[in-house]
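Report on the structure
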Amino acid sequence: MTRQSCRLGILTGGGDCPGLNAVIRAIAKSAMNSLGATIIGVEDGFEGLVEGRMKELSNADVSGIINQGGTILGTSNKGDPWHYPMEGPDGGIEIVDASFRTLKNYKRWGLDALIAIGGDGTMHISHRCGEMGMNIIGVPKTIDNDLLCTDLTFGHDTAVYVATEAVDRLHTTGSSHHRVMVVEVMGRYAGWIAASAGLAGGADIILIPEIPFRWEPVFNCVIKRSTRGKRFSIVCVAEGAQCPEVGEVVKSYDVKRTDAKQLGGVGEYVGKMITEATDIETRVTILGHLQRGGSPTPFDRILATKFGTKATELVAEGAFGRMAALQSNEIVSVDIKDAIERQKLVPPDHEIIRAARAVGTSFGDEDGR
Ligand code: F6P
């Protein structure tokens, strides 16, 4: 491609998160400035690529959006081209392979490259699109921070900030009423948000999927605190937290998604069990999408901008099939296929866990404490 003729597509896939607009802005501005590129925004993630819904973005379209939450392009987590929901003849939903339509639209719009901003689902699809012949670059996003090969994804810092503020606020009301305050945070199968917000907010108990909990240590922790005069406790629960006898708590299933399972509800369960076992009044807060909405933190804006400019550099180098990543404070690139090998979970001996344990936080797995 020549400098003047580069047509660069951008899409945001999967759940939204703060910092998406900062990446879109960074890619568009840096590619316009350094490559003279025409920027094509794909609407609603891979759904828009399947359906050919795209539009040219001007400098004005990407101006003044670094601080805006959400994504100006729209996104979807139901647009996997290889698992595409279509209305069947009987009016029901049929899952079909619509992948050939993505390549057709990529060509029809004359794209030289496509930058896909998303989490593991988006990177899986991106990898397959690359195998079909598209020039794909990835940018890692997700509040969950569960993408391999990058120390952090943008969006995570904002989610942790929101969750920490919630823990702080629950402290004051919980201590006033001598209650156990349970807060359920997002994160899917990973406990990064719960571990970080729990540590930063000084939670007494943190429950994460990577460390299966038992009821006894949870109840003991609450009771011990109350006998020591601390008549309130804060429990920070990841939505994927589980104890062996219950397993994952699933809120609903949506067959239109590649991973149909939607987690949620473990917080209510934990709250109910604590009240029954200890007779201490319990209140449950489910933070939900508050963690994904609103303005990104300065850290996320900066990380998003660095990732976006790196993605443009990768396009200029023709380094397709690569994903921008953060490793030991450096912006690098990695193979998309390495990033999707498995999910990045919290190692049970991670320093964040060790630090929390050192200051007396329970993970619901202790013996005799
Ligand atoms: O992956 C981001 C995430 O917010 C998860 O933490 C959560 O389980 C899921 O998305 C919620 O998805 P939805 O927005 O479809 O309810």
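Predicted model, so just to flag it, every value in this text is computed and none were measured.

**Some words on the site of the ligand**
The environment of the ligand is made up of Asn 77, Ile 143, Asp 144, Met 186, Gly 187, Arg 188, Glu 239, Arg 257, Gln 262, His 289 and Arg 292. In the environment of the ligand, an oxygen atom lies 3.4 Å from a nitrogen or oxygen atom belonging to the side chain of Asn 77. Contact between the ligand and Arg 292: an oxygen atom at 2.8 Å from a side-chain N or O atom of the residue. Protein burial of the ligand: of its 400 Å² of free accessible surface, 83% is covered by the chains. With respect to the pocket detection grid, the ligand is positioned in the largest pocket. Residues that form the shell around the ligand fall into these classes: 2 nonpolar, 4 polar and 5 charged. No fewer than three residues from each of domain 1 (7-154 + 296-327) and domain 2 (157-292 + 347-358) sit in the shell around the ligand.

**Digging into the nonpolar core**
Counting 63 residues, the largest nonpolar core has Leu 8, Ile 115, Ile 117 and Phe 154 as its most contacted members. At 8 residues, helix 1 (residues 20-35) tops the list of elements feeding residues into this core. Both domain 1 (7-154 + 296-327) and domain 2 (157-292 + 347-358) contribute no fewer than three residues apiece to this core. In terms of nonpolar packing, the next biggest core, distinct from the first, is built from 24 residues, Trp 82, Cys 129, Met 134 and Ile 136 among them.

**With respect to the sheet that holds strand 7 (residues 136-140)**
Strand order in this open sheet of 7 strands is 3-2-1-6-7-14-15, and the pairing throughout is mixed. The two strands at the open ends of the sheet, each matched to only one other strand, are strand 3 (54-57) and strand 15 (330-335). Direction aside, neighbouring strands of the sheet carry axes that sit 30° apart on average. Note that strand 2 (residues 38-42) and strand 3 share 4 bridges and pair antiparallel. In the sheet register, Val 42 faces strand 3, and the bridge partner there is Met 54. Against the sheet, helix 1 makes contact with strand 1 (7-12), strand 2, strand 3, strand 6 (113-118) and strand 7, and its axis sits at roughly 175° relative to strand 1, the strand it touches most.

**With respect to the domain arrangement of the chain**
As far as domains go, the chain holds domain 1 (7-154 + 296-327) and domain 2 (157-292 + 347-358). Distance from the C-alpha centre of domain 1 to the C-alpha centre of domain 2: 32 Å. Listed by partner, the interface residues are 20 residues for domain 1 and 17 residues for domain 2. With both chains or domains summed, domain 1 and domain 2 bury close to 1700 Å², and 53% of this area falls on carbon and sulfur atoms.

**Here's the deal with the side chain of Lys 141**
Within the element layout of this structure, Lys 141 appears in the loop between strand 7 and helix 5 (156-177). For the buried Lys 141, no salt bridge exists, and the shortest N-O distance to an oppositely charged side chain is 7.2 Å, to Asp 16. Engagement of the side chain of Lys 141 in a polar contact is seen with the backbone oxygen of Gly 13, the distance being 3.2 Å. Of the polar contacts made by the side chain of Lys 141, one reaches the backbone oxygen of Gly 15; its length is 2.4 Å. Leaving out residues up to four positions away in the same chain, Lys 141 has contacts with Gly 13, Gly 14, Gly 15, Cys 17, Leu 20, Ile 117, Gly 118, Gly 119, Thr 153 and Phe 154.

**Details of unusual backbone geometry**
The phi dihedral of His 178 falls on the positive side, at around 55°, and the residue is not glycine. Mapping His 178 onto the fold places it in the loop between helix 5 and strand 8 (180-185). The exposure class assigned to His 178 is partly exposed, which follows from its relative accessible area of 34%. Despite not being glycine, Asp 279 shows a phi value in the positive range, around 65°. Mapping Asp 279 onto the fold places it in the loop between helix 8 (266-278) and strand 13 (282-286).

Cut-offs applied
- Residues numbered from 1 in each chain as written.
- Predicted model: local features only at pLDDT ≥ 70, side-chain atom pairs only at ≥ 80, totals over all residues.
- Heavy atoms only, no water.
- Near = heavy atom within 4 Å.
- Polar contact = N/O pair within 3.5 Å; in protein donor to acceptor, adjacent residues only side chain to side chain.
- Areas by Shrake-Rupley, 256 points an atom, 1.4 Å probe, with all protein chains shown as cover.
- 1 Å grid on protein atoms, 1.4 Å probe; cavity = no way out; pocket = protein on both sides within 12 Å on 5 of 7 lines; lining within 4 Å.
- Sits in = over half its atoms within 2 Å of the grid points.
- Nonpolar A, V, L, I, M, F, W, Y, C, P; charged D, E, K, R; others polar.
- Domains from an automatic or database assignment.
- Core = buried A, V, L, I, M, F, W, Y, C linked by side-chain atoms within 4.5 Å.
- Buried < 20%, exposed > 50% of the residue type's maximum accessible area, 1.4 Å probe, protein only.
- Helix = DSSP H or I, 4+ residues; strand = E, 2+ residues; numbered from the N terminus.
- Pairing = 2+ DSSP bridges.
- Axes fitted to C-alpha atoms, helices over the stretch in contact; angles between N-to-C directions.
- Contact = heavy atoms within 4.5 Å.
- Buried area = accessible area lost by both parts, 1.4 Å probe.
- Lys, Arg positive; Asp, Glu negative; His and termini not counted.
- Salt bridge = Lys/Arg side-chain N within 4 Å of Asp/Glu carboxyl O.

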